[in-house]
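Summary of structural features
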Amino acid sequence: MNYLLFKRWNDFSGWLVFLIAAFVYGMTIEPTASFWDCPEFISCAEKLQVGHPPGAPFYMLVGNLFTQFASDPSQVSRTVNFLNALLSAGCILFLFWSITRLVRSLLKEEKENLSVTDVIIILGSGLVGALAYTFSDTFWFSAVEGEVYAFSSFLTALVFWMILRWQDESDTVYGDRWIILIAYIIGLSIGVHLLNLLCIPAIVLVFYYQKYRTISLKGVAAAIAISGLLIIFILFVYIPGMADMGGWFELLFVNVFGLPFHTGLISFLALTFFVLAGAIYRFRKRMLHTSLWCLLMLTVGYTTYAVILIRANANTPLNENAPDNIFTLKSYLNREQYESAPLLYGKTYASEPEYVPEGDYYRVKTTKGSAVYRPDKEEGKYKIIRHKEDVC
């Protein structure tokens, strides 16, 4: 069987699996909402309100689009749940295509030389794998309710399928467009759920296998280490770092120059895009050029968090943490209200706080942390209202 005919069967089978999953999930969606985060997400989607940290602005925007099709308020929950059903079916679609792509590469057959037996093995593997996941308990559970996990699973499957498409086109002039698109999708996924970051190790390994045909233990270990550094960069440097830099600009423009609130943040974003665009135009070396494009697209996707800032300033009825300026938004993004737990060393859940005498009483020993800024609208400046304290 030639490759074009196989591709038609592959596309047809993928969409068939999509329709099966969409029908099953669509027929079993919840008419209202489960009693956990689902009512909150549905409410946030309907009126673009601010939910619990770290928020899900991109999910809110897409969910709001689907709520426009509700015939009356009682059907809003159903439309958001139906969105999750379609996204879950989309996850199954890209899972099917990823499986068939991987199985085809395992057969080590040329694209134009596939026997009927090969086609049955490839498509059969895709059908078994995709349908098994379709009817798995956990995935089906999240596919029929208004939560972010269905959207996150869809983006995860989409990103992995994209890196396989890049692998097919890596030697062409336009192959790097898939890498840039992946960076944009990862940026968008930050506004849904951070699960998508776990695709980065798989992406880096596929990149390594494609670029370096000779595979060694040292090379694999280096690829895994690089992928770990990329996750650390996005999670602990890029996401909070953008808020930190925006805060510095905000203090400079508002407290020093006397300009209106949010001027510094807007100027910082404009400068960031200008610098990245200038660097892309200036540097033409392929690896650096592609990396700069990826960073730009990651930033563009990340800007969905402007929705949180804008709607918090609108003071919506549901406005958790009220992240109406860059400083409260940073706290919101860092999930500071949940406190923190050490990964390798430090206090555990069973640790007792240290007490120090103070007159006839004892108080918990604390250390002084960073300043907490709040806008003073009468003076038009940010003021320090307190310092964060860490319990010893």
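The coordinates are above.
What you see is a predicted model, and the numbers here were worked out from it, not measured in a lab.

Moving on: the overall build of the protein chain. Looking only at helices and strands, the protein chain has 14 helices and 4 strands in total. Overall size of the protein chain, expressed as C-alpha extent along the three principal axes, is 85 × 55 × 45 Å. Taken across its 392 residues, the protein chain has 44% of its residues classed as buried. Here the analysis covers contacts within the protein chain between residues at least 6 apart in sequence; of these, 66% occur between residues at least 24 apart. Carbon and sulfur atoms make up 66% of the accessible area of the protein chain, which totals about 21,600 Å².

On inspection of all chains with the given rule, the structure shows 8 salt bridges. Here Asp 244 and Lys 330 are joined by a salt bridge, their closest N and O atoms 2.3 Å apart. Highlighted residues: Asp 244 in helix H10 (residues 217-256) and Lys 330 in helix H14 (residues 326-333), separated in sequence by 86 residues. For Lys 330, a relative accessible area of 25% gives the class partly exposed. Note that Lys 383 and Glu 379 form a salt bridge whose closest N and O atoms lie 2.7 Å from each other. One network of salt bridges, in which partners are shared, links Arg 165, Glu 169 and Arg 177.

Looking now at the state of the cysteines. Taken as a whole, this structure holds 0 disulfides when the rule is applied. For Cys 38, which is in no disulfide, the shortest distance to another cysteine sulfur is to Cys 44 and amounts to 12 Å. Accessibility expressed as a relative area gives 0% for Cys 38, which makes it buried.

For the rest of this paragraph, the subject is the environment of Gln 68. Along the chain, Gln 68 turns up in the loop between helix H3 (57-67) and helix H4 (76-107). Taking the C-alpha atoms as reference points, Gln 68 and Phe 96, separated by 28 residues in sequence, lie 31 Å from one another.

What follows covers the packing of helix H2 (residues 38-47) against H4. Running from N to C, H2 and H4 point in directions that differ by 100°, and their axes come no closer than 10 Å. In terms of their interaxial angle, H2 and H4 are classed as roughly perpendicular. Between H2 and H4, the residues in contact are Ile 42, Ala 45 and Glu 46 and Val 76, Ser 77, Val 80 and Asn 81, respectively. Split into classes, the residues belonging to the contact of H2 with H4 amount to 4 nonpolar, 2 polar and 1 charged.

What the rule picks out here adds up to 1 cavity of 30 Å³ or more. Of the voids in this model, the largest cavity is the one considered here, and its volume is about 40 Å³. In terms of lining residues, the largest cavity is bounded by Glu 40, Phe 41, Cys 44, Gly 51, His 52, Gly 55, Ala 56 and Met 60. Looking at the lining of the largest cavity element by element, the count peaks at 3 residues for H2. Class assignment for the residues of the lining of the largest cavity results in 4 nonpolar, 3 polar and 1 charged.

Attention shifts here to helix H5 (residues 116-134). Helix length check: H5 (19 residues) gives 26 Å between terminal C-alpha atoms against 27 Å at 1.5 Å per residue, within 8%. Among all positions of H5, only Asp 118, Val 119, Ile 122, Leu 123, Gly 126, Ala 130 and Thr 134 are buried. Around the axis of H5, the buried residues are gathered within 125° of arc, so they sit on the same side. Counted as exposed and oriented over 90 degrees from the buried face of H5: Val 116, Thr 117, Ile 120 and Val 128. Where the residues of H5 are buried, they touch helix H1 (3-27), H4 and helix H6 (137-143).

Let's shift gears to the side chain of His 52. Residue placement: His 52 occurs in the loop between H2 and H3. Contact partners of His 52, with chain neighbours within four places excluded, come to Asp 37, Glu 40, Phe 41, Glu 320, Tyr 332 and Tyr 338.

Judged by nonpolar contacts, the single largest core of 108 residues is most densely connected at Tyr 25, Phe 151, Phe 154, Leu 158, Ile 163 and Tyr 302. For this core, the element with the highest residue contribution is H4, accounting for 14 residues. Those residues in contact with Tyr 302 that lie beyond four places of it in its chain are Gly 187, Ile 190, Tyr 238, Ile 239, Met 242 and Leu 333.

As a further point, take the packing of helix H9 (residues 200-211) against H10. Following both chains from N to C, one finds H9 and H10 inclined at 140°, their axes separated by 9 Å at the closest point. Taken together, H9 and H10 sit at an angle that is classed as oblique. Considering only the axes of H9 and H10, their crossing is right-handed. Along its contact with H9, which presents Ile 200, Pro 201, Val 204, Leu 205, Tyr 208 and Tyr 209, the element H10 presents Gly 219, Val 220, Ala 223, Ile 224, Ser 227, Leu 230, Ile 231 and Ile 234. Partitioning the contact of H9 with H10 into residue classes produces 12 nonpolar, 2 polar and no charged.

So, how was this worked out
- Residues numbered from 1 in each chain as written.
- Predicted model: local features only at pLDDT ≥ 70, side-chain atom pairs only at ≥ 80, totals over all residues.
- Heavy atoms only, no water.
- Helix = DSSP H or I, 4+ residues; strand = E, 2+ residues; numbered from the N terminus.
- Buried < 20%, exposed > 50% of the residue type's maximum accessible area, 1.4 Å probe, protein only.
- Contact = heavy atoms within 4.5 Å.
- Areas by Shrake-Rupley, 256 points an atom, 1.4 Å probe, with all protein chains shown as cover.
- Salt bridge = Lys/Arg side-chain N within 4 Å of Asp/Glu carboxyl O.
- Disulfide = S-S within 2.5 Å.
- Axes fitted to C-alpha atoms, helices over the stretch in contact; angles between N-to-C directions.
- Parallel < 35°, antiparallel > 145°, perpendicular 65-115°, else oblique.
- Nonpolar A, V, L, I, M, F, W, Y, C, P; charged D, E, K, R; others polar.
- 1 Å grid on protein atoms, 1.4 Å probe; cavity = no way out; pocket = protein on both sides within 12 Å on 5 of 7 lines; lining within 4 Å.
- Points joined across faces, edges and corners; volume = space filled by probe spheres on them.
- Expected span 1.5 Å × (residues − 1).
- Arc of directions from axis to C-beta.
- Core = buried A, V, L, I, M, F, W, Y, C linked by side-chain atoms within 4.5 Å.
- Left-handed = near helix turned anticlockwise from the far one by under 90°.

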